[in-house]
Structure formats: C-alpha cells, structure tokens
Amino acid sequence: MQLLEGEKEQILASVDEVLKNSSKLREDLIPTLQKVQAKLGYLPALAMEKIAEGLNVPAADVYGLVTFYNQFRLNPPGKHQVKVCLGTACYMVGGDITLESFERRMEIREGETSLDRLYSLERVACVGCCTMAPVVVVDEEVEGKVTPTRVDGIMLALQDEEKKSVTEQEPNQGRGEDS
Ligand code: FES
C-alpha cells in the first residue's frame, strides 16, 4: 500500500524508538513487532525491513512471522473498520454472503484496506451476539441481521458520514478575509 505524505518519516522514527529500547536480540522480534504495530496501527513493509536490519534477521523471516500470527496487520486500519462475524451461528445464516457483499461494495478483499484508507474489512470469530446473527461490527457498533440489503444501507450511512465530515472540514471555503 502506498505510503501517505510524512508516513515514511513516522515509520522510521517509530522503529528507531522501539529499537533504541531493545536488546536487539533475535528473541526480541515478536515484542518489537508488537511495539511498532502499537505505534503505527499496522506493520508496513518498510517497518519490517528496518526491524529485520536492526535485529539482524532475514527480512523473509520477519515477513513469515507477521503473516503467520493473526495478531499482526499488514494493512493500515481504515478510518471506518468493518468486522464481519464468521462464527458458527453467523456463518450458518449467511455471514459469508454478508462478507462478500462488503467486499463488492468496498472493492477490497477481507483483510485489506481501501486505497483511500477509508474502509478496512476483517473477518472475526463470535462476538457474543449470536441471537442477532449474522452480525457485523462497524466502528465498534454492533449491527445484527445484516443481509446484503442492510450492507448497502451501512455503506450509504458511512459514505454520508464521510461527505458530512468533508463539508465540516471546509466551513470557511469561499468566505472572504473580512467579517
Ligand atoms: S457467531 Fe457471530 S456473534 Fe456469535
């Protein structure tokens, strides 16, 4: 995923800071990755490269570890995070169809983030609301009985929210200097 303006510097600074307080042994690899992810919200390729250099381990080993453990994220969290439950109760009533509907609407696959970083989509295990299956968590709000039609409604609401926040950010556009 393409880095945003200033993100490269932020990644390098975060990795440097974590490595500064590390004993730089191979055993530090997982805690180092966890700390850098806590700072950045994910583990970009540049961070993995720098960590590999800093701990003197092959970059392929770092990448292998990050992809093995699902605690690590390879993509930045979207501004809006959608988590689709694929626990047994949700799966049995079409959780997979709900997930596919989001994938189509967001034009990304599960585990990815849209290029504009507005949306990220994940699958999760049971979130404890099985009676509301199929369940989706949208920015920490639990939504129940999420059919493909409801997916359209959720996406429209998120798009509306986005339009509103853009308008709010530009309240003075078009106004002159004098009051
Ligand atoms: S299986 Fe989805 S909430 Fe329990």
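It should be noted that the structure appears before, not after, this text.
The paragraphs below set out a description of the structure included in this document. (Residues numbered from 1 in each chain as written. Predicted model: local features only at pLDDT ≥ 70, side-chain atom pairs only at ≥ 80, totals over all residues. Heavy atoms only, no water.)

Side note on unusual backbone geometry
The residue after Ala133, namely Pro134, is reached through a cis peptide bond having omega -5°. A positive phi angle, near 80°, is found at Glu140, a position not held by glycine. Within the secondary structure, Glu140 is located in the loop between β3 (136–138) and β4 (141–143). On the basis of relative accessible area, Glu140 is assigned to the exposed category, the value being 65%. (Helix = DSSP H or I, 4+ residues; strand = E, 2+ residues; numbered from the N terminus. Buried < 20%, exposed > 50% of the residue type's maximum accessible area, 1.4 Å probe, protein only.)

As for the pattern of salt bridges
In the structure shown here, the tally under the stated rule is ten salt bridges. In this structure, Asp61 and Arg26 form a salt bridge, with 3.0 Å as the shortest nitrogen-oxygen distance. Placement of the pair is Asp61 in helix α4 (residues 59–68) and Arg26 in the loop between α1 (7–20) and α2 (29–40), with a sequence separation of 35 residues. A relative accessible area of 31% means that Asp61 is categorised as partly exposed. Glu162 is the salt-bridge partner of Lys79, the closest N and O atoms lying 3.0 Å from each other. (Salt bridge = Lys/Arg side-chain N within 4 Å of Asp/Glu carboxyl O.)

Overview of the environment of Val127
The residue Val127 is located in the loop between β2 (119–124) and β3 in this model. Separated by 40 residues in sequence, Val127 and Gly87 have C-alpha atoms that sit 8.0 Å apart. Residues in contact with Val127, not counting those within four places in the same chain, are Cys85, Val135 and Val137. (Contact = heavy atoms within 4.5 Å.)

With respect to a nonpolar patch on the surface
The grouping of Tyr91, Met92 and Val93 at the surface amounts to a nonpolar patch, some 350 Å² of accessible area in total. In this structure, Met92 sits in helix α5 (residues 88–92). (Patch = residues over 30% accessible without salt bridge, like charges linked within 9 Å, V, L, I, M, F, W, Y side chains within 5 Å. Areas by Shrake-Rupley, 256 points an atom, 1.4 Å probe, with all protein chains shown as cover.)

What about the nonpolar core?
Among the nonpolar cores identified, the biggest contains 19 residues, and Leu33, Val36 and Val62 are the most heavily contacted of them. Among the elements of the structure, α1, α2, α3 (45–55) and α4 are those that each provide at least two residues to this core. It is α3 that contributes the most residues to this core, six residues altogether. Setting aside residues up to four positions removed in sequence, Leu33 forms contacts with Leu43, Ile51, Val62, Leu65, Val66 and Phe72. (Core = buried A, V, L, I, M, F, W, Y, C linked by side-chain atoms within 4.5 Å.)

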